[in-house]
Amino acid sequence: MTPRPWLHGFLDLCLLAMLRDQPDYGYGLAQRLATAGVADIPGGTLYPALLRLEQQGLAEPSWAPSGAGPRRKYYAITPAGRDVLDTQTAEWRLFRDGVDSLVGEHIR
């Protein structure tokens, strides 16, 4: 699966949603995005997005040992991140419903 250009607009929302469920590290998040069928996200896209979330106070990093090599930087959602996630989720649903109403007309 190739990256989709429109994903940049929704990547933060997807990352916050996954971090709501559990803290994770970059590669784990990339795997979850791919498994969900969203996209294969290259590191050059993923890690700047995680850094942006960290700098905005929406995700908090911590280091943990790895059984398979060097320690990993895990990210957890912050209370501010949960607030942003709630707001963006509501906005996403409105956007999705609007697109569905337009695209659905052409599928029938």
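Okay, so let's go over this structure. (Residues numbered from 1 in each chain as written. Predicted model: local features only at pLDDT ≥ 70, side-chain atom pairs only at ≥ 80, totals over all residues. Heavy atoms only, no water.)

Concerning the sheet that holds strand 3 (residues 69-77)
Strand order in the open sheet formed by three strands is 1-3-2, with antiparallel pairing between adjacent strands. Of all the strands in the sheet, the pair left with one neighbour each is strand 1 (24-25) and strand 2 (59-66). As paired strands, strand 1 and strand 3 are joined by two bridges and run antiparallel to one another. Its bridge partner lying in strand 3, Tyr25 is registered against Tyr74. Seen against the sheet, helix 1 (residues 11-21) touches strand 1, strand 2 and strand 3 and runs at an angle of roughly 100° to strand 3. (Pairing = 2+ DSSP bridges. Helix = DSSP H or I, 4+ residues; strand = E, 2+ residues; numbered from the N terminus. Contact = heavy atoms within 4.5 Å. Axes fitted to C-alpha atoms, helices over the stretch in contact; angles between N-to-C directions.)

Here's the deal with the packing of aromatic side chains
Counting across every chain of the model gives four aromatic pairs. With a centroid separation of 5.8 Å and an interplanar angle of 40°, the aromatic rings of Trp92 and Phe95 are classed as tilted. You can see Trp92 and its partner Phe95 sitting in helix 4 (residues 79-107), three residues apart, about one turn around the helix. You can call Trp92 partly exposed: its relative accessible area is 30%. (Phe/Tyr/Trp six-rings, centres within 6.5 Å; stacked < 30°, edge-to-face > 60°. Buried < 20%, exposed > 50% of the residue type's maximum accessible area, 1.4 Å probe, protein only.)

Here we look at the nonpolar core
Counting residues in hydrophobic clusters, the biggest one holds 21 residues, and the most contacted among them are Leu15 and Leu33. If sequence neighbours within four positions are ignored, Leu15 has contacts with Leu29, Leu33, Leu46, Ala49, Leu50 and Leu53. (Core = buried A, V, L, I, M, F, W, Y, C linked by side-chain atoms within 4.5 Å.)

Notes on the side chain of Ser66
Positionally, Ser66 belongs in strand 2. Engagement of the side chain of Ser66 in a polar contact is seen with the backbone nitrogen of Ala68, the distance being 3.0 Å. A distance of 3.4 Å separates a polar atom in the side chain of Ser66 from a polar atom in the side chain of Arg72. Once residues lying within four places of it in the same chain are set aside, the contact partners of Ser66 are Arg71 and Arg72. (Polar contact = N/O pair within 3.5 Å; in protein donor to acceptor, adjacent residues only side chain to side chain.)

Structural measurements only, silent on function.
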